[in-house]
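# Chain and residue survey
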Amino acid sequence: MRYVLTLIMLGFVSGLSAVADMTPFVIPLKQNPSSAIAHKSEPINPDSPRIVVRDSHFAVAKQRIRIWGVNNSFGANLPSHEDAEKIAARMGAAGINSVRFHHMDTAAYPRGILDPKDPLKLSETALDRLDYFVDQLAKNGIYANINLHVGRSASRALKIPDPLTHYDKIVGIFTPELIEAQKQYARDLLGHVNKYRNIRYADDSAVAFVEITNEDSLFMWSAIQDLKSFPEFYQQILRTKYAAWLKSKYGSTKKLQKAWSQGSEPLGQNILAPDSIPQPNSKDKGWRLEQHGGCAAKMEKKADGILRVDISKANDTSWHIQAKQTPLSIKAGQYYTLSFKARADQPRSLSYGLGQDHAPWDSMGLNGNVKLTTEWKKFRMGFVARKDDDVVRLSFSLSKEKPSVEISEILLASGGREGLLADETIEKANIALFGESEVEARSIDRYRFLAEIEKAYFDEIKNFLKKELGVKALVTGTIVFGPCGLYGQSGMDFIDSHAYWQHPHFPGKPWDSGNWIVEQKAMVDHLSQATLPHIAAERMAGKPFTVSEYNHPAPNDFQAECVPMIAAFAAAQDWDGIWFYTHSHSNEDVDRSAFNSYFDIDANTAKWGFMRVGAAIFCGKGIPPLQRIREVGTGGDTDPVTQLAKLHMKFDRDSLAALQELMKDCDTNLTLRAQLKIDLNGKGQTIEGKSATDPELSWTTNEEGHGTFYAAGSAGKVLISHGMIDGPVNMNGLEITAPTFAALTMTSLDNQFFEKSKAILIAGCGRCENKGMIFSSDRRTVGRNWGTAPVEIEPVTGKVPLPAGNWTCSALNPDGTRGNEVKLGKDENGKTMLALSPDHKTMWYLVEKR
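One structure accompanies this document, and this report is about it. Every value quoted in this text rests on a predicted model; they were computed, and no experiment measured them. (Residues numbered from 1 in each chain as written. Predicted model: local features only at pLDDT ≥ 70, side-chain atom pairs only at ≥ 80, totals over all residues. Heavy atoms only, no water.)

A word on the overall build of the chain. Secondary structure assignment for the chain yields 16 helices and 46 strands. Against the compact-globule benchmark of 29 Å for 850 residues, the chain has a radius of gyration of 28 Å, which places it among compact chains. Principal axes of the C-alpha set define a box for the chain whose edges measure 85 × 65 × 60 Å. (Helix = DSSP H or I, 4+ residues; strand = E, 2+ residues; numbered from the N terminus. Rg over C-alpha atoms; globule rule 2.2 N^0.38 Å.)

Quick look at the structure:
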């Protein structure tokens, strides 16, 4: 009792108090041979026909194949032999046909594949477990996707300087020693003979995909800051490569100086009142302190125009304390320079940004952060304003960290662009990759240089794998990071992406399992922010397209939308593969009956319970592709790399915004009407399909902001809605009455259209939680209080119209076996109807023809 009272006092409450009528629904590890819904696949022999690319899609023996997969992470890649058999059989029964082996290289055995005594070698014990697991997966028709570099930091083992990035990211793309270490790892792993299959991984048909490096790019999230902050060892490598690239392009410093002199512009007048703090109700220009969320701080002007902010209470949201100056007038297309000096009482970061001081609060093109020390340091940065606005604010965001900050000599002015500086020459190889306030030509050259060396790296590793090692698998590089990142991947066999809806964030220490937040937002309510249309904007014409990490992390109340929503959307967009992140992180407790992390789906019924459904929708005839295809060109006969550089400079990694620049009707709604692709070398085109079998596809929100997603084809239907909070939601007879949010699907299990099908699976789920899970009062976290077994679901109340025929229905048990018979009814028109009810205590209903 004392424990419960303490949790309540801390703002934690039992999840069950907010969720009524929960039903235990634990899908077991061990497969029941009597399961009525288990998928059956042919085994993959070492010499079976391989997956290849044919007509821009994956194919086996001239037949199209889509990939419906999961990740395994860390120790989960290395189960015991006994567990490997059970896990592979369970995956196969759920319709999974590929496993992505992820974070296998991050740790020594038993959490990873590395030798505990030598991180540059592989563990023999780990290899034995991996061999057996790959063989068991292949026996169940499941292909392997091998990640070569995820978490390995060879810099430590090689005793070269610490790059100050996790896992040698970014530096591994251009540092010769690290590139050679990557090649050696590939030799050791892909050249290894699987003793249970008597064939090298490089030659095995079951090893269908190889990924060079995970989420690693010169354009990734932290790239600009990292590229500026690398130790001199790495900076020198970059400067030397940059000088060689500039010499190849321009030939001499004189020609370079001329090219970079165009667009230089003197610094204009400061549009700020740099050190003024007006009275609270005054309309005078100056700095004002804004505080939110219970944060507390004070700002004062010291001698020599220094602004000092002392923070007494901070939270995890940086903008909840900000020093701002508004209103400022900014002109679209104009180059501006921001400069200031700053220090802190203790080392900390300082965020800055220029954005609208009114809804929709868009950025004007300037956002970033700097690292402060106790010593004064001057910072200078430039940008091109994205739009005209007379009510703009410049802000310094100060929450998240408590050390006091001092800022002085703050300037925001038009102009200030510079080309080649007086002491920079190609011959000295001392040209900085980043100028403080550079002309457009210098910026474009930097983006081009980075894009070209990134592409050269991925092409080099792919050629090494294919030609030197003889790897027969299809190879991808990494995920797409904006327009320039797409160019870097253009030589790969297929293009890949990752996305998460409401990824956990950590107010304190990164990945602190006791201090994290998952926002309670349904993606179905937020089309403009949703992951799926943004993923669609990263697809390249002429290449297969996959999403190798996807999830709506637990304990989001709306996580049941994850699997069916991407299955339907991806089928309509005609993508080629999806791997959910992640099946599991561990090879322990593999038969658990509750989930205990944001990502693991093996015991999360809201995810795993829809996997068999998703396989039928995405890999079968469930939802047909949209027949209209919009291929967006990047400039016709003009240089595509320069065009991509300009787009990246303007929109960073936002590929959808970049496409909107190229095609004005490209928005989130377009992805519901047409397949979207990018043509790097053409002018673009619209291709009208030859078939009239477009799916029904809609995504709407009502006046209260509650969304409904509906997709339907001749063998599959998906209805996801938050609209029941306002009353029943009905789409073409498919109806959800309760709970207030739910996902409901209807799929043919025999790959026949509904009219000819003999087995139809209906699946529905609202919330999904463990028993006794303890939420915070705002339901954004459970800390370490994940509860205990069993996992429970919120069953759906609704109606499902059935095709003509003589049908019988069973409420299925969690192992897929038939439970109680469910009586079918008729509507007012005599149509057979299935009534869904919590009384049946199930997520699954199987309807079969007599």
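To continue, consider the packing of helix H7 (residues 232-250) against helix H8 (residues 253-261). Taken N-terminus to C-terminus, the directions of H7 and H8 make an angle of 85°; their axes are 9 Å apart at the nearest point. On the basis of the axis angle, H7 is roughly perpendicular to H8. Where H7 approaches H8, its residues Tyr 242, Leu 246 and Tyr 250 are matched on the opposing element by Lys 255, Leu 256, Ala 259 and Trp 260. In terms of residue class, the contact of H7 with H8 is made up of 6 nonpolar, no polar and 1 charged. (Axes fitted to C-alpha atoms, helices over the stretch in contact; angles between N-to-C directions. Parallel < 35°, antiparallel > 145°, perpendicular 65-115°, else oblique. Contact = heavy atoms within 4.5 Å. Nonpolar A, V, L, I, M, F, W, Y, C, P; charged D, E, K, R; others polar.)

What follows covers the pairing of strand S25 (residues 495-500). Taking burial as the measure, the 6 residues of S25 include 6 buried ones, the bulk of the element. Along S25, one buried face is formed by Ile 495, Ser 497 and Ala 499 and the opposite face, lined by Asp 496, His 498 and Tyr 500, is buried too. As paired strands, S25 and strand S26 (residues 545-551) are joined by 6 bridges and run parallel to one another. In the strand pairing of S26, Ser 497 is matched with Val 547. Handedness of the S25-helix H11 (residues 531-536)-S26 crossover: right-handed. (Buried < 20%, exposed > 50% of the residue type's maximum accessible area, 1.4 Å probe, protein only. Pairing = 2+ DSSP bridges. Right-handed = clockwise from strand over helix to strand, strands pointing away.)

So, about the sheet that holds strand S16 (residues 307-313). Spatial ordering of the open sheet is given by S15-S16-S23-S18-S21, a layout of 5 strands whose pairing is antiparallel. A strand with exactly one partner marks an edge of an open sheet, and here the two such strands are strand S15 (296-301) and strand S21 (377-384). When strand polarity is set aside, the average angle formed by the axes of neighbouring strands in this sheet is 25°. Two strands pair when backbone bridges link them, and strand S18 (residues 335-344) and strand S23 (residues 405-414) are joined in this way by 8 bridges, in the antiparallel orientation. Looking at the pairing, Arg 343 lines up with Glu 406 of S23.

With antiparallel pairing, the 3 strands of this open sheet are ordered in space as S3-S4-S5. Where the open sheet ends on each side, the last strands, each with one partner, are strand S3 (51-54) and strand S5 (63-64). By the bridge criterion, 4 bridges tie S3 to strand S4 (residues 57-60) in an arrangement that is antiparallel. Bridge assignment links Arg 54 to a residue of S4, and that residue is His 57.

Another point: the side chain of Ser 123. Considering the arrangement of structural elements, one finds Ser 123 in the loop between strand S9 (118-122) and helix H3 (124-139). Aside from chain neighbours lying at most four places away, what touches Ser 123 is Tyr 109, Ile 113, Leu 114, Asp 115 and Pro 116.

Where charged atoms from two side chains of opposite charge come close, those side chains can pair. This structure, assessed with the given rule, holds 49 salt bridges. Salt-bridge contacts for Asp 493 lead to Lys 462; the nearest nitrogen and oxygen are separated by 3.1 Å. Note that Asp 493 is positioned in the loop between helix H10 (482-488) and S25 and Lys 462 in helix H9 (residues 440-468), a separation of 31 residues in sequence. The pair Asp 493 / Lys 462 is uniform in exposure class, with both members buried. Linking Arg 780 and Asp 778 is a salt bridge whose minimum nitrogen-to-oxygen distance equals 2.9 Å. Accessibility expressed as a relative area gives 25% for Arg 780, which makes it partly exposed. Residue classification places Asp 778 among the partly exposed residues on the basis of a relative accessible area of 40%. (Salt bridge = Lys/Arg side-chain N within 4 Å of Asp/Glu carboxyl O.)

Looking now at the side chain of Asp 226. Considering the arrangement of structural elements, one finds Asp 226 in helix H6 (residues 223-229). Within the buried core, Asp 226 has no salt-bridge partner, and the shortest N-O distance to an opposite charge, that of Lys 371, equals 8.4 Å. Aside from chain neighbours lying at most four places away, what touches Asp 226 is Thr 165 and Ile 170. (Lys, Arg positive; Asp, Glu negative; His and termini not counted.)

The next subject is the packing of aromatic side chains. Scanning the model with the defined rule gives 38 aromatic pairs in all. Between Phe 25 and Trp 844, the ring centres sit 5.3 Å apart and the planes meet at 90°, which makes this aromatic pair edge-to-face. Of this pair, Phe 25 sits in the loop between strand S2 (23-24) and S3 while Trp 844 sits in strand S46 (residues 844-849), and the two are 819 residues apart along the sequence. Taken as a pair, Phe 25 and Trp 844 share a single burial class, namely buried. Look at Tyr 242 and Phe 449: their rings are 4.8 Å apart centre to centre, the planes differ by 40°, and that puts the pair in the tilted class. Highlighted residues: Tyr 242 in helix H7 and Phe 449 in helix H9, separated in sequence by 207 residues. Tyr 242 gets classed as buried once you look at its relative accessible area, which sits at 1%. Looking at Phe 449, the relative accessible area reads 1%, which means it is buried. (Phe/Tyr/Trp six-rings, centres within 6.5 Å; stacked < 30°, edge-to-face > 60°.)

What follows concerns the pairing of strand S35 (residues 734-738). On a regular strand, one side chain projects to one face of the sheet and the next to the other, so that they alternate. Bridging between strand S34 (residues 729-731) and S35 involves 3 bridges; their strand directions are antiparallel. Counted as the bridge partner of Asn 730 is Glu 735 from S35. Taking the residues that link successive antiparallel strands as the turn, the S34-S35 hairpin has 2 residues, and the phi of Asn 732 there is positive, at about 50°. Two elements, S35 and strand S41 (residues 797-801), share 3 bridges in a ladder whose sense is antiparallel. Considered in S41, the bridge of Ile 736 is made with Gly 798.

Turning our eyes to something else, we now look at the environment of Thr 634. With respect to the helices and strands, Thr 634 occurs in the loop between strand S28 (629-633) and helix H15 (640-651). Distance from Thr 634 to Arg 818, taken between C-alpha atoms, is 54 Å for residues 184 residues apart in sequence. Every residue in contact with Thr 634, bar those within four places of it in the chain, is listed here: Pro 640, Gln 643, Leu 644, Leu 662, Ile 678, Asp 679, Leu 680, Asn 681 and Gly 682. Looking at Thr 634, its side chain comes within polar contact range of the main-chain oxygen of Leu 680, at 2.8 Å. (Polar contact = N/O pair within 3.5 Å; in protein donor to acceptor, adjacent residues only side chain to side chain.)

With that settled, the discussion passes to the environment of Phe 494. Within the secondary structure, Phe 494 is located in the loop between H10 and S25. Taking the C-alpha atoms as reference points, Phe 494 and Lys 183, separated by 311 residues in sequence, lie 20 Å from one another.

With an omega dihedral of 0°, the bond running from Tyr 581 to Thr 582 counts as a cis peptide bond. Following the sequence through the fold, Thr 582 ends up in the loop between strand S27 (577-580) and helix H13 (605-608). The omega torsion of the bond from Ala 789 to Pro 790 falls at 5°, within 30 degrees of zero and hence cis. With respect to the helices and strands, the residue Pro 790 is situated in strand S40 (residues 788-793). At His 103, a residue that is not glycine, the phi angle is positive and equals roughly 55°. Its place among the elements puts His 103 in the loop between strand S7 (98-102) and strand S8 (114-115). Residue classification places His 103 among the buried positions, given a relative accessible area of 10%.

Glancing now at helix H14 (residues 611-619). The element H14 is extensively covered by neighbouring structure, given that 8 of its 9 residues are classed as buried. Residues of H14 that are buried: Met 611, Arg 612, Val 613, Gly 614, Ala 615, Ala 616, Ile 617 and Phe 618.

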